[in-house]
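As a plain string of letters, each chain reads:
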Amino acid sequence: MKKLIGIILSAVMVMSLAACGGASQGTAQPGILVMATNAEFPPYEYHEGSRIVGIDAEIAAAIAEKMGCELVIEDIAFDSIIPEVVSAKADMGMAGMTVTEDRMQNVDFSTTYAVARQVVIVAEGSGITSLADLEGRVIGVQQGTTGDIYATDEFGDDFIERYSKGMEAVQALVQGKIDAVIIDNEPARVFVSENPGLIILDEAYADEEYAIAVRKGNTALLEAINNALEELKNDGTLDEIVSRYISTE
Ligand code: ARG
């Protein structure tokens, strides 16, 4: 009996190891879980000295630990994350990434781990007080984000300025080069708190949910991630991580 349990346990170990990088069959190495992100997105992922920290970085570390994998975080352009996952250069994409129908054509998503909103940042006293006031204004976004995709759809290319980082869009707004920034609510709160004279409109632009992207058909990894997420939700780890980065006044 003991022997049997031993065999089963080692089989489980091998399976969970295989679900790290090995399952991607790409350049990623076995035992290593490569996460592609864009660390320009506080409080989800950002640089603190030479380290990448934030809610996503910590949830990913907890998932990797549960899977018995070593986590390696790759910091790349946001719109390169899905291509890296598709080409198996990364095992998973985790970047406050919104689940959308279009993205689901290219990757599979885990269960969601956060709800979010696209919000509008404007300069105080700009006269823009609602979404309707955005008509004919120049809107800054981070390239390839849902803010970019939705706003381009609605207002047209001519009215959208794309930046590689959300913070660069916010700086352009501060300098009066653009009229508004559409970005996720939590980064918006961080950027507004760091730049006096900016406000966030009460009216949200879109509601969304974040999840982890894996290569299509990589069910071993997807299941391992979903199981780990479920455990982290149930044992309170997820809430604990979030509460260290987001104050709920
Ligand atoms: N939630 C938005 C999206 O999925 C923006 C995410 C940007 N994330 C980042 N790490 N820069 O498009």
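That block above? That's the structure.
For the structure given in this document, a descriptive report is provided here. (Residues numbered from 1 in each chain as written. Predicted model: local features only at pLDDT ≥ 70, side-chain atom pairs only at ≥ 80, totals over all residues. Heavy atoms only, no water.)

### Here's the deal with the pattern of salt bridges
Consideration 1: Under the counting rule described, the total for this entry stands at eight salt bridges.
Consideration 2: In this structure, the salt-bridge partner of D148 is R162, at a minimum N-O distance of 2.9 Å. Taken together, the residues D148 in helix 5 (residues 146–155) and R162 in strand 10 (residues 160–163) connect sequence positions 14 residues apart.
Consideration 3: For D148, a relative accessible area of 7% puts it in the buried group. (Salt bridge = Lys/Arg side-chain N within 4 Å of Asp/Glu carboxyl O. Helix = DSSP H or I, 4+ residues; strand = E, 2+ residues; numbered from the N terminus. Buried < 20%, exposed > 50% of the residue type's maximum accessible area, 1.4 Å probe, protein only.)

### Considerations on the site of the ligand
Consideration 1: Around the ligand, the surrounding shell holds 15 residues, and the nearest of these are A95, G96, T98, T146 and D184.
Consideration 2: Within the side chain of T98, one N or O atom sits 2.7 Å away from a nitrogen atom of the ligand.
Consideration 3: T146 is positioned such that a nitrogen or oxygen atom in its backbone is 2.7 Å from an oxygen atom of the ligand.
Consideration 4: Contact with the protein chains hides 100% of the accessible area of the ligand, taken as 340 Å² for the molecule alone.
Consideration 5: A class-by-class count of the residues in the shell around the ligand yields five nonpolar, six polar and four charged. (Near = heavy atom within 4 Å. Polar contact = N/O pair within 3.5 Å; in protein donor to acceptor, adjacent residues only side chain to side chain. Areas by Shrake-Rupley, 256 points an atom, 1.4 Å probe, with all protein chains shown as cover. Nonpolar A, V, L, I, M, F, W, Y, C, P; charged D, E, K, R; others polar.)

### Let's talk about helix 5
Consideration 1: Turning to helix 5, its buried residues number three or more, namely T146, G147, D148, A151 and F155.
Consideration 2: The elements touched by buried residues of helix 5 are helix 4 (101–104), strand 8 (114–123), strand 9 (139–142), strand 10, strand 11 (180–184) and strand 13 (206–210).
Consideration 3: Looking one or two residues beyond helix 5, the residue adopting positive phi is G156, at roughly 90°. (Contact = heavy atoms within 4.5 Å.)

### So, the packing of helix 2 (residues 55–67) against helix 9 (residues 237–245)
Consideration 1: Where helix 2 contacts helix 9, the two axes come as close as 9 Å, and the packing angle between them is 155°. In this view, helix 2 runs roughly antiparallel relative to helix 9, as classed from their interaxial angle. When you trace helix 2 past helix 9, the crossing you get is right-handed. Touching I55, E58 and I59 of helix 2 are L238, I241, V242, R244 and Y245, all from helix 9. (Axes fitted to C-alpha atoms, helices over the stretch in contact; angles between N-to-C directions. Parallel < 35°, antiparallel > 145°, perpendicular 65-115°, else oblique. Left-handed = near helix turned anticlockwise from the far one by under 90°.)

### So, the side chain of E84
Consideration 1: Examined against the element boundaries, E84 turns out to sit in helix 3 (residues 81–86).
Consideration 2: Buried and unpaired, E84 has no salt bridge, with K89 as the nearest side chain of opposite charge at 4.4 Å.
Consideration 3: Contacts of E84, omitting those with residues within four sequence positions, involve E74, I76, K89 and A90. (Lys, Arg positive; Asp, Glu negative; His and termini not counted.)

### Describing the packing of helix 2 against helix 8 (residues 219–234)
Consideration 1: The geometry of helix 2 relative to helix 8 is characterised by a closest axis approach of 9 Å and an angle of 110° between their N-to-C directions. In terms of their interaxial angle, helix 2 and helix 8 are classed as roughly perpendicular. Note on packing geometry: the crossing formed by helix 2 with helix 8 is right-handed. Across the interface between the two elements, I59, A62, I63, K66 and M67 from helix 2 touch L221, A224, I225, A228, L229, E231 and L232 from helix 8.
Consideration 2: Taken together, the residues that form the contact of helix 2 with helix 8 break down as 10 nonpolar, no polar and two charged.

### Remarks on the environment of L131
Consideration 1: Along the polypeptide, L131 turns up in the loop between strand 8 and strand 9.
Consideration 2: It is 7.0 Å that separates the C-alpha atoms of L131 and E203, two residues lying 72 residues apart in sequence.
Consideration 3: Here L131 is in contact with V120, L201, E203, A204 and Y205, once residues within four sequence places are set aside.

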